[in-house]
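Observations on the three-dimensional arrangement
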Amino acid sequence: MRKLSLSIPLQIDVCVGPVDFLEVRNAILTAGAPGAPPLSDADQAARSLARMLDEVSGVHAVRAGALIADGRLAASGLVVSAHPARIHAIEAVAPRSFQGFEVVVEPASVLDQLGRVQGTMAAEATASSIAYNDADRRGEAFRFKWLNEEMTLTLHVGPERSWTQLAAFLAGTRERLVSSIYEFHAAHIAGAVSGKLDEGIDLKLVAARQTRNPASGKIAEGDFDRRKTFADWERRHPDNFENIYVPIGRRGLVANSYHIKVSVRDEQDVWLSSGNWKRASQPLIDDADLDDPRATSRAGNREWHVSLSNRKLADLFRNHILEDLRVCRDELGGLLEAVEDPVMVDVPAVLEEAVVLEAVAERVFEPLDIGPRRVRVKPLLTPDRQGKVFTEAVLALIESAEEQLLFQNQYISFAGVTSGNLKVLVDAITRKSRVLEDCRLILRSGGDGFLDDMRALKRNGLDVERCVKRLANTHTKGIVVDGHRVLIGSHNWSSDGVTLNRDASLIFDDREVAAYFLEVFEADWMRANAVKFEALQPEAAPRLAKGDAPPPGFVRMSLAEYLER
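Residues numbered from 1 in each chain as written. Predicted model: local features only at pLDDT ≥ 70, side-chain atom pairs only at ≥ 80, totals over all residues. Heavy atoms only, no water.

Section: the pairing of strand β12 (residues 344–348)
Within β12, four of the five residues are buried, leaving the element largely enclosed by the surrounding structure. Relative to strand β22 (residues 554–558), β12 is paired through five bridges, and the arrangement is antiparallel. Bridge pairing in β22 places Val 347 opposite Val 555. In this sheet, strand β21 (residues 543–544) lies alongside β12 in antiparallel orientation, the contact comprising two bridges. When the bridges of β21 are listed, Asp 346 appears paired with Arg 543. (Buried < 20%, exposed > 50% of the residue type's maximum accessible area, 1.4 Å probe, protein only. Helix = DSSP H or I, 4+ residues; strand = E, 2+ residues; numbered from the N terminus. Pairing = 2+ DSSP bridges.)

Here's the deal with the side chain of His 188
Inspection of the secondary structure assignment puts His 188 in helix α6 (residues 187–199). For His 188, the side chain forms a polar contact with the main-chain oxygen of Gln 282, separated by 2.8 Å. Other than its neighbours up to four places away in sequence, His 188 contacts Trp 163, Arg 279, Gln 282 and Leu 284. (Polar contact = N/O pair within 3.5 Å; in protein donor to acceptor, adjacent residues only side chain to side chain. Contact = heavy atoms within 4.5 Å.)

Observations regarding the packing of aromatic side chains
Summed over all chains, the structure comprises 13 aromatic pairs. Between Trp 233 and Phe 241, the ring centres sit 5.4 Å apart and the planes meet at 85 degrees, which makes this aromatic pair edge-to-face. Here the two residues Trp 233 and Phe 241 agree in accessibility, since each one is buried. Of the aromatic side chains, those joined through ring pairs into one cluster are Phe 184, Phe 224, Phe 230, Trp 233, Phe 241, Trp 271 and Trp 277. Over the ring of Phe 224 we find Arg 226, and its NZ or CZ is 5.9 Å from the ring centre. (Phe/Tyr/Trp six-rings, centres within 6.5 Å; stacked < 30°, edge-to-face > 60°. Lys NZ or Arg CZ within 6 Å of the ring centre and 35° of its normal.)

A word on the environment of Leu 155
For Leu 155, the location among the structural elements is in strand β5 (residues 147–158). Put simply, Leu 155 and Gln 165 are 10 residues apart on the chain and 9.5 Å apart in space, counted from C-alpha to C-alpha.

Considering the sheet that holds β12
The pairing of strands in a sheet happens through backbone hydrogen bonds and is either parallel or antiparallel. The antiparallel open sheet is built from three strands, whose spatial order is β21-β12-β22. Looking at which strands have only one partner, the edges of the open sheet turn out to be β21 and β22.

Some remarks on the sheet that holds strand β2 (residues 72–82)
Strand order across the open sheet formed by four strands is β1-β2-β4-β3, with mixed pairing between neighbours. A single partner strand is all that each edge strand has here, and the edge strands are β1 (59–69) and β3 (97–98). Where β3 lies against strand β4 (residues 101–107), two bridges are found, and the strand directions are antiparallel. By the bridge assignment for β4, Ser 97 is matched with Glu 102. Those strands touched by helix α2 (residues 41–52) are β1, β2, β3 and β4, and its axis lies near 140 degrees from that of β1. The strands that helix α13 (residues 450–459) touches are β1, β2 and β4; relative to β1, the one it contacts most, it runs at about 70 degrees. (Axes fitted to C-alpha atoms, helices over the stretch in contact; angles between N-to-C directions.)

Topic: the confidence of the model for the protein
Here the protein shows a mean pLDDT of 88. Residues at 70 or above account for 87%. Segment residues 116–125: pLDDT under 50, and 17 contacts once partners within four positions in sequence are set aside and those in other chains are kept. (pLDDT = per-residue confidence, 0-100.)

Let's talk about the pattern of salt bridges
Taken as a whole, this structure holds 47 salt bridges when the rule is applied. Glu 140 is the salt-bridge partner of Arg 143, the closest N and O atoms lying 3.0 Å from each other. For Arg 279, the salt bridge goes to Asp 223, with nearest N and O atoms at 2.9 Å. Of this pair, Arg 279 sits in the loop between β10 (269–273) and α8 (293–296) while Asp 223 sits in the loop between β7 (202–207) and α7 (226–236); the two residues are 56 residues apart in sequence, bridging distant segments of the chain. For Asp 223, a relative accessible area of 17% translates into the label buried. (Salt bridge = Lys/Arg side-chain N within 4 Å of Asp/Glu carboxyl O.)

Some words on the nonpolar core
Counting 102 residues, the largest nonpolar core has Leu 153, Phe 317, Trp 493, Phe 508 and Phe 517 as the members making the most contacts within it. With residues up to four places along the chain from it excluded, the contact list for Leu 153 reads Val 306, Ser 307, Leu 308, Leu 368, Asp 369, Ile 370, Val 375, Phe 508 and Val 513. Counting 23 residues, the second largest nonpolar core, distinct from the first, contains Ala 190, Leu 197, Trp 233 and Tyr 245. (Core = buried A, V, L, I, M, F, W, Y, C linked by side-chain atoms within 4.5 Å.)

As for unusual backbone geometry
Here the amide bond leading from Gly 371 into Pro 372 is cis, since omega sits at 15 degrees, within 30 degrees of zero. If you trace the backbone, Pro 372 turns up in strand β13 (residues 368–382). A cis amide bond links Thr 382 with the next residue in sequence, Pro 383, at an omega value of 10 degrees. Relative to the elements of secondary structure, Pro 383 occurs in the loop between β13 and α11 (388–399). Of note in the backbone geometry, Asp 70 takes a positive phi value of approximately 55 degrees without being a glycine. Positive phi outside glycine occurs at Asp 482, with the angle close to 55 degrees. As for its placement among the helices and strands, Asp 482 is situated in the loop between β17 (478–481) and β18 (485–489).

Focus: the pairing of strand β9 (residues 261–265)
The side chains of a regular strand alternate between both faces of the sheet. Most of β9 is tucked away: five of the five residues are buried. Burial of the side chains of β9 extends over both faces: Lys 261, Ser 263 and Arg 265 are buried on one face and Val 262 and Val 264 on the other. As paired elements, strand β6 (residues 176–181) and β9 share five bridges and run antiparallel to each other. Across the sheet, residue Ile 181 finds its bridge partner in β9, namely Lys 261. Direction of pairing for β9 relative to β10: antiparallel, over a ladder of four bridges. Among the inter-strand pairings, Val 264 is bridged to a residue of β10, identified as Val 270. Here β9 folds back onto β10 in antiparallel fashion, the turn holding three residues, of which Asp 266 has a positive phi close to 50 degrees.

Now the structure itself:
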């Protein structure tokens, strides 16, 4: 018997209407992906070089990627990711070229350093499965569906109006507040919450372990002592205050981060945001400076927020947050104070103190009140259905773009990603970037993994020099499509962020809502910096902490603090 193999190109034509754009998702999920073919010559060379250097102390990874030339990503080569303290020793033994490719040795990012603990090549110990109880979250009370409902909205952005609007939301609580938060550190927010507890409201607080006091025990200026304050609230308000820290990992509710920022007030109103309850995201700005863009733009992070009034959305988010609380308390062993130490990072003081300059904002964006009127909106949460709820909806949102696709996020953590939800979503942006005249991305300037991620995006087919700019204080997690649809929320674009961490977003299919955030994006694009690439010098590279104190010239912080800088 003879076998005949044929390669047949597949084309899928999808007609997308102006409203029901999510109907395309099944066709999209089965479509081909862009990017270099697997095991290219450069990939094979990288694997061979990695095997050759496997026994060399301090080598964390070897990757194929574009090398830097005059601040741009140019010809393909091989990049040896090495511990900053071992750069010169590894340069002495690594070849200058290998199988026809130039070889460079660069400081390993903190995430690369985490990937080769005790000689293994495994990534940071994140869970591939978790104890999230999807099976218990069925029926209308937990269902993610499009709503076309009467509601009121207040759209606002930070830093200029973050705290003024959150303060008003908290102050308006009459009876109950159900809050889920990644980082709750700021003393002025704790003061506002404490005042409402004294008035007799009921507060359920589900928090990430990043809310805990720092391992050092030192409370930063402007922050509050969470251990003492929460214990005091529980003592003074035993019947109307309950909080818990969410367990993580394979036996936890999420993989490594309860990253959500959602509060539900009085079973009717929702505050949803990209911003934590910390000073950088909710800065205190003097009244005299509130209308001065030069002052407000330097005060904290660019954040996108929405507060809304709608019973169905409030019920959905409240039900999920209270179920998080119940499961963590009754089944997963959540504690008021977690016991394990966080991963710590030593960051050079010169890097921590460095200021990335961009033009100051030209205007202050005032909140926009909408309604009451009908608004079409879809709520999204991860890790529900292992990220499928989020990925399918956002994939269809991206693919619906016919003229314009705008993306603003802290980062796209794409180095080393070859499959999974993040790969599917990045492939969709890459496809669109090839056919749309207007495809633009704003990413944050910080992070020693930025170069690795841009190399990976470039290899995947994205023209990073054309499409990407950097804005130092952006903490937004948003997408605007054709000036008609917009996603806002807390989802970072990492493998866990779009899959097994807890995050919340909303997709609005509404021109007025989209137009507001489109205007903010355009203002940020005008003041953002074009990408210019350079490798960190070894002495300026962060590294995993060792010993009881950082070396001279370094500042110690948790990995979570470092990644959220």
